[in-house]
Every structure is written in C-alpha cells, then in structure tokens.
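Topology and contacts: notes
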Amino acid sequence: MQQQKKSARALCLLFGVLAVIFCAFYTFMGAQAAWSALAGGGANCVGQVYFLLKMRGSKRALAPKAALRYFYSSEVLKIALMLAVLAALLSLFSLNLWIVFMTFVVVQCVGSFAPFVFRNS
C-alpha cells in the first residue's frame, strides 16, 4: 500500500511538471509551442503510466527469469507506445519538433527521478 502511494505521488509530480511546462510555454512562446510541449511530455506520460500499470498489475509470483522477461517486454511495449503516440501527434498536428523533443526528455528525467524524491515519505 505504501508503494502505491509513492507511485501516485510520483505521477502527480509528473503531471504537475507537465502542467507547469505547458503554462510556461503558453505564456512566453504562444499556443503552438505550448501544444508542442504538451505533445512531447504527454507522449512520455502515456508511456510511463502504461508501464506503471503493467508493473503494478501483475499480482502473481514469477520465477526470476520470467519476471525479468515480463519487465523487459513491458519496457519494449512502453517505448513502442510512446513512439506511436509521438508519430501520430507529429503527423496530425503542426508541432515544433525541437520543443516536442525537449519536453519529452525533461518529462523522462522527472519521471526517472521522481521515485527518489518520495523514497523516505
């Protein structure tokens, strides 16, 4: 139960950072930059939420090799999902590619380090 609270806090932090990035780009650079930022960060969030749900969903005990295989297959599916979402958004909308990439990387860094923020809470 404690681990689920940490995961929920980390996701809230991730979505909060994405909202702040969106508002900052909208305020200082306009609507297209803000939507580009939302597309890049949102694609990353979709992948991270999928991976979190996939890892939390497995309640059965697995052998070490099977658990590692499950982890890596979930990671590959997460990457494929993120790339598919990015490809769809870039093909459907006129977005700034540099802003999409930059916010994708920023949200990835926040998502990677968020569990360390809530390590002792």
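Throughout, a residue's number is its position along its own chain's written sequence, starting from 1. Totals for whole chains, interfaces and linings use every residue, but because this is a predicted model, local features are given only for residues with pLDDT of at least 70 and side-chain atom pairs only at 80 or more, for both listing and counting. Note that water and hydrogens are dropped before the side-chain values are worked out from all heavy atoms of the structure.

**Observations concerning the packing of aromatic side chains**
- Stacked, tilted and edge-to-face are the three classes assigned to paired rings of Phe, Tyr and Trp, where Trp is represented by its six-membered ring and a pair needs centres within 6.5 Å; plane angles under 30 degrees give stacked, over 60 edge-to-face, the rest tilted. For the structure on display, the rule yields 5 aromatic pairs.
- Here Phe71 and Tyr72 contribute two aromatic rings whose centre-to-centre distance is 5.4 Å and whose plane-to-plane angle is 70 degrees, an arrangement assigned as edge-to-face.
- Note on Phe71: relative accessible area 34%, which makes it partly exposed.
- Aromatic pair Trp98 and Phe101: ring centres 6.2 Å apart, planes at 40 degrees, arrangement tilted. Of this pair, Trp98 and Phe101 both sit in helix H4 (residues 97–117), separated by 3 residues, roughly a single helical turn.
- Under the relative-accessibility criterion, Phe101 is labelled partly exposed at 49%.
- Members of the aromatic cluster, each reached through a chain of ring pairs, are Phe22, Tyr26 and Trp35. For the exposure calls, accessible area comes from a 1.4 Å probe over protein chains only, and a residue counts as buried if that area is under 20% of its type's maximum, exposed if over 50%, partly exposed in between. Every helix listed is a DSSP run of H or I at least four residues long, and every strand listed is a run of E at least two residues long, numbered separately from the N terminus.

**Examining the side chain of Thr103**
- Tracing the sequence through the fold places Thr103 in helix H4.
- The exposure class assigned to Thr103 is buried, which follows from its relative accessible area of 2%.
- Of note is the side chain of Thr103, whose polar atom sits 3.2 Å from the backbone oxygen of Ala37.
- The contact definition used throughout considers only heavy atoms, calling two residues in contact when any of these lie within 4.5 Å. If near-sequence neighbours (up to four positions away) are discounted, Thr103 is found in contact with Ile21, Phe25, Ser36, Ala37, Gly40 and Gly41. Here a polar contact means two N or O atoms within 3.5 Å. Within protein one must be a hydrogen donor candidate and the other an acceptor candidate, and residues neighboring in sequence count only if both atoms are side-chain atoms.

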